[in-house]
Amino acid sequence: TARLIQRALTPTQIYGSGLDDYFAGNTPAGVQVTIDSVMRAASGACIRLLSDDISTLPLDFFRKMPTGDSEPIPAPDWYLYPTTRRWDTWPHHISQVLVSLLTDGNAFVEGLPNMVDPQHMTVLDPARVSIRHENGRSTYVVSSSANALINAIGGAEYSDAEVMHIPWITLPGKIRGLSILEATKDSTGLELAAREWASRFFSNGATLGGIIEIPREAGAISKESAEALRDQFTNRHQGKRKAFALGVLTGGARWVQNTVTPEDASLAPLWRHVIEEAARLYHVPPHLLASQETGGQAYASVEHRSIEYVQHAIVPIVTRLEAAYSRLIPGEDTYVRFNVSALLRGDTKTRAEAYSILLQNRILRPEEARALEDLRPDPNLKGYLQTPNN
């Protein structure tokens, strides 16, 4: 049962929460960066990609046998019905965990009635959770508000048997993971500022195509004369049918080109920078974010980068999730595994050739190969095939 506590607010908590610059931008670009704005930026594209890919991976449950083999076991209730809402599914639950992990650097999951044998689970807002560690035990204080001031003053207290904490990257001696939102704040602020500038450029910009310049020696001309000169020049040269027509200016007047070139108005280098910055942070290949960088378009390059994406971006995250959720399965030597091979499946011909090699060398059984293709078991195919190892 949660216990209500109260705590004093320290200057460090105020500064770390961003309340000190509440009325100003919290980045050098002068833009306020929040979780909502991050999800609209390049970092948000990385978060959505990782969340979608991992939450749709098959999750398998096993028990380690004394012989060293593993046998499948039935899925627990929390996998079939993660929350108290009947229509919530496992992908919905784990995607919330991933968004929390990939933004705050921490995921907090409350178990009902507890995390020892949970029946239902709720993903907590990490902005409302603070951690107190004493005598080797962690206590989680969950506020009813995401406001840092209210959160620091007090909230409901939970033990580590009631809340599961999954950190991403932690410093030595620390309990809470590093905030990814804080790490992306400057680059995201730059991107958001550039987007706002581009929007204002197109909506409020007053860019002239050119100017007819009258020399000072000709003397000042009246407003009516200036408008007549402009209208006459426009009538003679405006429109596609009059394009490239020969123009004549008298009295020493000359035409000054004043159009912003596409190169001057382009923000393409900045977009490439923010995409590569986000991709570098989350270990996501830039081509998965629709980057047009040179060298990322060849088939072999994209295929190899997709493998690197699984190895360096997917596997480190799912390994942390597997270690956490394996503790929630009753019994000894039980564990969960995300089937990351689902992201590396080739075309039909390539898979058939791989199965043929694995079956001939007795690495796979026929029923295992059929299961990988979501085919029904064949009672006539049991055990290893009796084929020569040639």
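Residues numbered from 1 in each chain as written. Predicted model: local features only at pLDDT ≥ 70, side-chain atom pairs only at ≥ 80, totals over all residues. Heavy atoms only, no water.

Draft legend 1. Fine view of helix H13 (residues 348-360). Across its 13 residues, H13 extends 18 Å between first and last C-alpha, which sits within 8% of the 18 Å expected from 1.5 Å per residue. Check the buried side of H13 and you find it contacts helix H14 (366-372). (Helix = DSSP H or I, 4+ residues; strand = E, 2+ residues; numbered from the N terminus. Expected span 1.5 Å × (residues − 1). Contact = heavy atoms within 4.5 Å.)

Draft legend 2. Main features of the sheet that holds strand E2 (residues 59-64). In spatial order, the strands read E3-E2-E12; together these three strands make up an open sheet with antiparallel pairing. The open sheet is flanked by strand E3 (70-72) and strand E12 (334-338), the only strands paired with a single partner. Direction aside, the axes of adjacent strands within the sheet are offset by 40° on average. Where E2 meets E12, five bridges bridge the pair, whose relative direction is antiparallel. (Pairing = 2+ DSSP bridges. Axes fitted to C-alpha atoms, helices over the stretch in contact; angles between N-to-C directions.)

Draft legend 3. Expanded view of the pattern of salt bridges. In total, this model carries nine salt bridges according to the counting rule given. With a shortest N-O distance of 3.5 Å, Glu322 and Arg337 are connected by a salt bridge. Taken together, the positions of Glu322 in helix H12 (residues 299-326) and Arg337 in strand E12 put the pair 15 residues apart, joining distant regions of the chain. What makes Glu322 buried here is its relative accessible area of 9%. Judged by relative accessible area, Arg337 falls into the partly exposed class, the value being 40%. (Salt bridge = Lys/Arg side-chain N within 4 Å of Asp/Glu carboxyl O. Buried < 20%, exposed > 50% of the residue type's maximum accessible area, 1.4 Å probe, protein only.)

Draft legend 4. How the structure looks around a nonpolar patch on the surface. A surface patch of nonpolar side chains, amounting to about 240 Å² of accessible area, comprises Ile169, Leu171 and Leu178. On the secondary structure map, Leu171 appears in the loop between strand E9 (163-167) and helix H7 (180-183). (Patch = residues over 30% accessible without salt bridge, like charges linked within 9 Å, V, L, I, M, F, W, Y side chains within 5 Å. Areas by Shrake-Rupley, 256 points an atom, 1.4 Å probe, with all protein chains shown as cover.)

Draft legend 5. Summary view of the nonpolar core. Counting 53 residues, the largest nonpolar core has Leu50, Val97, Ile166, Tyr282, Ile317, Leu321 and Tyr325 as its most contacted members. When residues in this core are grouped by element, the largest group, nine residues, is from H12. Those residues within four positions of Val97 in sequence are excluded, and the remaining contacts are Ala107, Val109, Val123, Ile166, Leu321 and Tyr325. Counting residues in hydrophobic clusters, the runner-up holds eight residues, among them Phe108, Leu124, Val142 and Tyr158. (Core = buried A, V, L, I, M, F, W, Y, C linked by side-chain atoms within 4.5 Å.)

Draft legend 6. Spotlight on the pairing of E2. Alignment of E2 against E3, held across three bridges, turns out to be antiparallel. Counterpart to Lys64 in the pairing with E3 is Ser70. Taken together, E2 and the strand that follows it, E3, pair antiparallel across an intervening segment of five residues, in which Gly68 is found at a positive phi of about 100°.

Draft legend 7. A look at unusual backbone geometry. Along the chain, Leu112 connects to Pro113 via a cis peptide bond; the corresponding omega equals 0°. Mapped onto the elements of the fold, Pro113 is located in the loop between strand E4 (106-112) and strand E5 (120-124). Look at His283: it is not a glycine, yet its phi comes out positive at around 60°. Tracing the backbone shows His283 in the loop between helix H11 (268-282) and H12. For Asp333, which is not glycine, the phi dihedral falls at a positive 55°. Note that Asp333 resides in the loop between H12 and E12. Residue classification places Asp333 among the exposed residues on the basis of a relative accessible area of 52%.

Draft legend 8. Region of interest: the confidence of the model for the protein. Across the protein, the average pLDDT comes to 77, with 75% of residues at 70 or higher. No element of the protein has a lower mean pLDDT than helix H1 (residues 11-17), which averages 41, and none a higher one than E9, which averages 94. Here residues 5-25 scores under 50 on pLDDT; set against residues more than four positions off or in separate chains, the count is 35 contacts. (pLDDT = per-residue confidence, 0-100.)

Draft legend 9. Representation of the packing of helix H3 (residues 42-55) against H11 in the model. Contact pair H3 / H11: the axes reach a minimum separation of 8 Å and the direction vectors enclose 40°. Judged by the angle between their axes, H3 and H11 are oblique. Of the two elements, H3 crosses H11, and the hand of that crossing is right-handed. Of the residues in H11, those in contact with Ala42, Ser43, Cys46, Ile47 and Leu50 of H3 are Val274, Ile275, Ala278, Ala279 and Tyr282. Counted by class, the contact of H3 with H11 contains nine nonpolar, one polar and no charged residues. (Parallel < 35°, antiparallel > 145°, perpendicular 65-115°, else oblique. Left-handed = near helix turned anticlockwise from the far one by under 90°. Nonpolar A, V, L, I, M, F, W, Y, C, P; charged D, E, K, R; others polar.)

Draft legend 10. Representation of the pairing of E4. The element E4 is largely enclosed, with a buried count of six among its seven residues. As judged from the five bridges shared by E4 and E5, these two strands associate in the antiparallel manner. What sits directly across from Val109, in E5, is Val123.

Draft legend 11. Representation of the packing of aromatic side chains in the model. Under the counting rule described, the total for this entry stands at nine aromatic pairs. Seen in terms of ring centroids, Trp78 and Trp90 are 5.8 Å apart; in terms of plane orientation they differ by 45°. Their pairing is tilted. Of this pair, Trp78 sits in helix H4 (residues 77-80) while Trp90 sits in helix H5 (residues 90-104), and the two are 12 residues apart along the sequence. In textbook terms, an aromatic cluster arises when at least three aromatic residues are bridged by ring pairs, as seen for Phe61, Trp78, Tyr79, Trp90 and Tyr325. (Phe/Tyr/Trp six-rings, centres within 6.5 Å; stacked < 30°, edge-to-face > 60°.)

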